Amino acid sequence: MKKILVLFFLTFSFILSAQENNVSNITFDGLKRTKGSFLKRLIKTKESAVLDTLKVRKDVERLKRLPGIANASYTLEKTPDGTVIVYKVEENFTLIPGLRIATANDGSFAYRVSAFEFNLFGNNQLLGAFYEKNVFNSYGAFWEHPFLFSDKLGIGLNYQDVTTQEPVFFEEGDKNYRFNSRNIEANVLFSFDFNNEAELGAILVKENYSFVGDEPPLPNRPLDLNADKLIYRAAYRYVDLDIEYQYFDGIQSEFTGQYIQLLDGDAPGNEFLKSFVSLRNDFIYYKKIGKGGNWANRLRLAAAIGNEDSPFAPFTLDNQLNIRGVGNTVDRGTAAIVLNTEYRHTLYEKGWFVVQGNAFVDAGAWRKPGGDFSQLFNGSATRLYPGLGIRFIHKRIFNAVFRLDYGFGIGDDATNGIVFGIGQYF
């Protein structure tokens, strides 16, 4: 009889213990706009499953990567029916206006205004548009739903009509062209797991280059180029980041490959435009240092294969893209190596407001059209720009980082310059 009682007691204790280790309920505290049903679908921890605290912590990191979430944490509450998980969420303000000002390539005032909603309908859809005046008028509209079909599958669409004045660098000298690109893009978005994401898409493009300027064009150089292109695009991202407001710790790597197919290669002047492959990889490493420091690094490798001789090269040397202080579209290349490294330090923090200072070094090398890969390493096309900057950050508005940097050029004919933008440089 005693054996039967002991066996009954052990069995009952095991059942109670198993119940306590099961997830009986999942709730979200602090939601205002974001839908709890959307977050439940996104996280990997499920009700009635065995409690896995490692999985719960990964869910918290996943939530903090969402544009609609500023910060997240969790608590566990033991009940007779099991464990209740409470995810505590601080939401971001996600309707973001944007303004960018610059000097256009003809010396005139240029600006770009935009508005983007990053948490449309409470499920982190993106909807936005921009208007830009950069000598000529440009505009575009974007929609993206990364989780339309499931927690792993979504789509994105955008249309852009961009017209700018761009310098093209020929052997005889540089000349300005009016560049217009009208394109419509569709992408399928995959989220394989917590760390791995991918995109597959296509872009239909109509491009036009028209010579502008009072000076006569160069002999044997085109006055006009027209091209219809179909671009096949694939991207893969590996993300392993721990985010705590303005601080980042971890790594991110993003590879983008494109095949640019010229659909009307027999059009006049299109000997300068060819079908080619474009490859680019950005590797980013962040390290949290002490209480207020953050070390950030980006290594960008890029190469074009199939148009090595074309002066209409795909990679540009530009303030906003790679080297701060160098100027707007000051050179073009068919391959590039760029290293950006900076130390960010919080100078002041109170509530939602942060002032952050930074010291940086931007360095890069380009392969010029017609050159070979040795140009990337022999110093003939290398730029080096150290500099200082300041950031004004709102901790509860998505991507609300207002940055101002000043780059000091080193070397012959180097320039200095201010770069203003929204969002961290990388």
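Model, not experiment: these values are computed from the prediction. (Residues numbered from 1 in each chain as written. Predicted model: local features only at pLDDT ≥ 70, side-chain atom pairs only at ≥ 80, totals over all residues. Heavy atoms only, no water.)

**So, the side chain of threonine 45**
- If you trace the backbone, threonine 45 turns up in the loop between helix H2 (36-42) and helix H3 (53-65).
- Under the relative-accessibility criterion, threonine 45 is labelled buried at 5%.
- A polar atom in the side chain of threonine 45 sits 2.7 Å from the side chain of aspartate 59. (Helix = DSSP H or I, 4+ residues; strand = E, 2+ residues; numbered from the N terminus. Buried < 20%, exposed > 50% of the residue type's maximum accessible area, 1.4 Å probe, protein only. Polar contact = N/O pair within 3.5 Å; in protein donor to acceptor, adjacent residues only side chain to side chain.)

**Some words on the pattern of salt bridges**
- Considering all chains together, one arrives at 26 salt bridges under this definition.
- Here glutamate 132 makes a salt bridge to arginine 112, at a shortest N to O gap of 3.4 Å. Residue glutamate 132 is found in strand S6 (residues 125-134), and its partner arginine 112 is found in strand S5 (residues 109-120); the two are separated by 20 residues along the sequence.
- With a relative accessible area of 9%, glutamate 132 lands in the buried category.
- With its nearest N and O atoms 3.2 Å apart, the salt bridge here joins arginine 324 to aspartate 405. Of this pair, arginine 324 sits in the loop between strand S15 (315-317) and strand S16 (331-333) while aspartate 405 sits in strand S20 (residues 401-408), and the two are 81 residues apart along the sequence.
- Owing to a relative accessible area of 1%, aspartate 405 belongs among the buried residues under this scheme.
- Shared partners join several salt bridges into a network, and the residues in it are Arg324, Glu342, Arg344, Asp362, Arg391 and Asp405. (Salt bridge = Lys/Arg side-chain N within 4 Å of Asp/Glu carboxyl O.)

**Regarding the nonpolar core**
- Residues Ile26, Phe28, Leu63, Leu66, Ile85 and Tyr87 are the most contacted members of the largest nonpolar core, which totals 18 residues.
- Within the residue set of this core, elements represented by two or more residues are strand S1 (23-29), H2, H3, strand S2 (69-79) and strand S3 (82-91).
- Ranked by size, the runner-up nonpolar core spans 15 residues in total, among them Ile203, Val205, Phe315 and Trp366. (Core = buried A, V, L, I, M, F, W, Y, C linked by side-chain atoms within 4.5 Å.)

**Overview of the confidence of the model for the chain**
- When the pLDDT values of the chain are averaged, the result is 90; 93% of them are 70 or greater.
- The low-confidence segment residues 5-18 (pLDDT under 50) makes zero contacts with residues lying over four places distant or belonging to another chain. (pLDDT = per-residue confidence, 0-100. Contact = heavy atoms within 4.5 Å.)

**A short note on the sheet that holds S1**
- Read across the sheet, three strands follow the order S1-S3-S2 without closing on themselves; strand pairing throughout is mixed. Only two strands of the sheet have a single partner each, and these edge strands are S1 and S2. Neighbour-to-neighbour, the strand axes of the sheet open up by a mean angle of 15°, direction not taken into account.
- Across the sheet, H3 lies against S1, S2 and S3, angled at about 155° from S2, the strand it touches most. (Pairing = 2+ DSSP bridges. Axes fitted to C-alpha atoms, helices over the stretch in contact; angles between N-to-C directions.)

**A look at the pairing of S6**
- Summarising the sheet, S5 and S6 pair through eight bridges and their orientation is antiparallel. Opposite phenylalanine 116, over in S6, you have glycine 128 as the bridge partner.
- Taking the residues between adjacent antiparallel strands as the criterion, S5 and S6 are bridged by four residues, where phenylalanine 121 takes a positive phi near 60°.
- For S6 and strand S7 (residues 136-145), the ladder comprises nine bridges, and the chain directions are antiparallel. If you follow tyrosine 131 over to S7, its bridge partner there is tyrosine 139.
- Linking S6 to S7, which pair antiparallel, is a turn of one residue; within it valine 135 sits at a positive phi near 70°.

**Here we look at the environment of valine 338**
- Among the secondary structure elements, valine 338 is positioned in strand S17 (residues 335-350).
- Note: C-alpha distance between valine 338 and alanine 363 (25 residues apart in sequence) is 5.8 Å.
- Excluding residues that lie within four positions of it along the chain, valine 338 makes contacts with Arg298, Leu299, Arg300, Asn322, Ile323, Ala363, Gly364 and Trp366.

**Looking at a nonpolar patch on the surface**
- Side chains of Leu99, Ile101, Phe109, Val113, Tyr131, Tyr139, Tyr159, Ile184, Leu204 and Leu263 sit close together on the surface and give an oily, nonpolar patch of about 930 Å² of accessible area.
- Of all elements in the fold, only strand S4 (95-103) and S5 reach the threshold of two or more residues within the nonpolar patch.
- Take tyrosine 159: it is sitting in strand S8 (residues 153-170).
- Residue class for tyrosine 159 comes out partly exposed when judged on its relative accessible area of 34%. (Patch = residues over 30% accessible without salt bridge, like charges linked within 9 Å, V, L, I, M, F, W, Y side chains within 5 Å. Areas by Shrake-Rupley, 256 points an atom, 1.4 Å probe, with all protein chains shown as cover.)

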